[in-house]
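# Examining the three-dimensional arrangement
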Amino acid sequence: MKRVIPSETEMYDIAELFKVFGDSTRIKILYSLFDGEVCVQDIADKLGMTQSAISHQLRILKQNKLVKTRREGKMIYYSLDDDHVRTIIAQGCEHIRE
């Protein structure tokens, strides 16, 4: 069975997605969201980073549809956008452990 090569646009989008995963801080943030919704301050405390640094990385993750937000009053809670994010990271871990 022959595979169809993705279009140039799709290949560009895939490359851009993998660039997002190319930063260990963003991977740590994604891991911190595996158990559910978390606010910026809780992520910052858990990772020992500033709220500003976490917010910057979360903005990138949100722009790339890897995290989503929910507002409750003044608080914004972040969570994984869908299970594909967990799968991509799990596959990456499996690959490097082989």
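Look up: the structure comes first, before these words.
This write-up is about the structure you can find in this document. Here the structure is a predicted model, which is why all the values come from computation and not from measurement.

Further remarks concern the nonpolar core. Of all hydrophobic cores here, the largest spans 20 residues; its most connected members are Leu-30, Leu-33, Leu-58 and Leu-61. For this core, the secondary structure elements donating two or more residues are α2 (24-32), α3 (40-47), α4 (51-63), β3 (75-80) and α5 (83-97). Sequence-distant contacts of Leu-61, that is, excluding residues within four places in its chain, are made with Val-20, Arg-26, Ile-29, Leu-30, Leu-66 and Val-67.

Another aspect to go through is the packing of α3 against α4. It is the contact of α3 with α4, at a shortest axis distance of 9 Å, that shows an interaxial angle of 115 degrees. With respect to each other, α3 and α4 are oriented roughly perpendicular. The two elements α3 and α4 cross, and the hand of that crossing is right-handed. On α4, the residues that touch Val-40, Gln-41, Ile-43, Ala-44 and Leu-47 of α3 are Gln-51, Ile-54, Ser-55 and Leu-58. Grouping the amino acids of the contact of α3 with α4 by side-chain chemistry returns six nonpolar, three polar and no charged.

Attention shifts here to the side chain of Thr-25. Summarising the element assignment, Thr-25 is placed in helix α2. Not counting residues within four places of it along the chain, the set of residues in contact with Thr-25 comprises Met-49 and Gln-57.

To continue, consider the packing of aromatic side chains. For the coordinates displayed, the defined rule picks out one aromatic pair. A centroid spacing of 4.9 Å and a plane angle of 40 degrees characterise the contact between Tyr-31 and Phe-34, whose relative ring orientation is tilted. Taking the relative accessible area as the measure of exposure, Tyr-31 reaches 37% and is therefore partly exposed. For Arg-86, the ring lying beneath its charged end belongs to Phe-34, and the centroid distance is 4.7 Å.

This part covers the layout of surface pockets. Space inside the largest pocket adds up to approximately 210 Å³. Residue lining of the largest pocket: Asp-13, Glu-16, Leu-17, Gln-63, Asn-64, Lys-65, Leu-66, Asp-82, His-84, Val-85 and Ile-88, and that is the complete set. Mapped onto the lining of the largest pocket, the elements with two or more residues apiece are α1 (8-20) and α5. In this structure, the second largest pocket occupies an estimated 170 Å³ of space.

Cut-off values and rules
- Residues numbered from 1 in each chain as written.
- Predicted model: local features only at pLDDT ≥ 70, side-chain atom pairs only at ≥ 80, totals over all residues.
- Heavy atoms only, no water.
- Core = buried A, V, L, I, M, F, W, Y, C linked by side-chain atoms within 4.5 Å.
- Buried < 20%, exposed > 50% of the residue type's maximum accessible area, 1.4 Å probe, protein only.
- Helix = DSSP H or I, 4+ residues; strand = E, 2+ residues; numbered from the N terminus.
- Contact = heavy atoms within 4.5 Å.
- Axes fitted to C-alpha atoms, helices over the stretch in contact; angles between N-to-C directions.
- Parallel < 35°, antiparallel > 145°, perpendicular 65-115°, else oblique.
- Left-handed = near helix turned anticlockwise from the far one by under 90°.
- Nonpolar A, V, L, I, M, F, W, Y, C, P; charged D, E, K, R; others polar.
- Phe/Tyr/Trp six-rings, centres within 6.5 Å; stacked < 30°, edge-to-face > 60°.
- Lys NZ or Arg CZ within 6 Å of the ring centre and 35° of its normal.
- 1 Å grid on protein atoms, 1.4 Å probe; cavity = no way out; pocket = protein on both sides within 12 Å on 5 of 7 lines; lining within 4 Å.
- Points joined across faces, edges and corners; volume = space filled by probe spheres on them.

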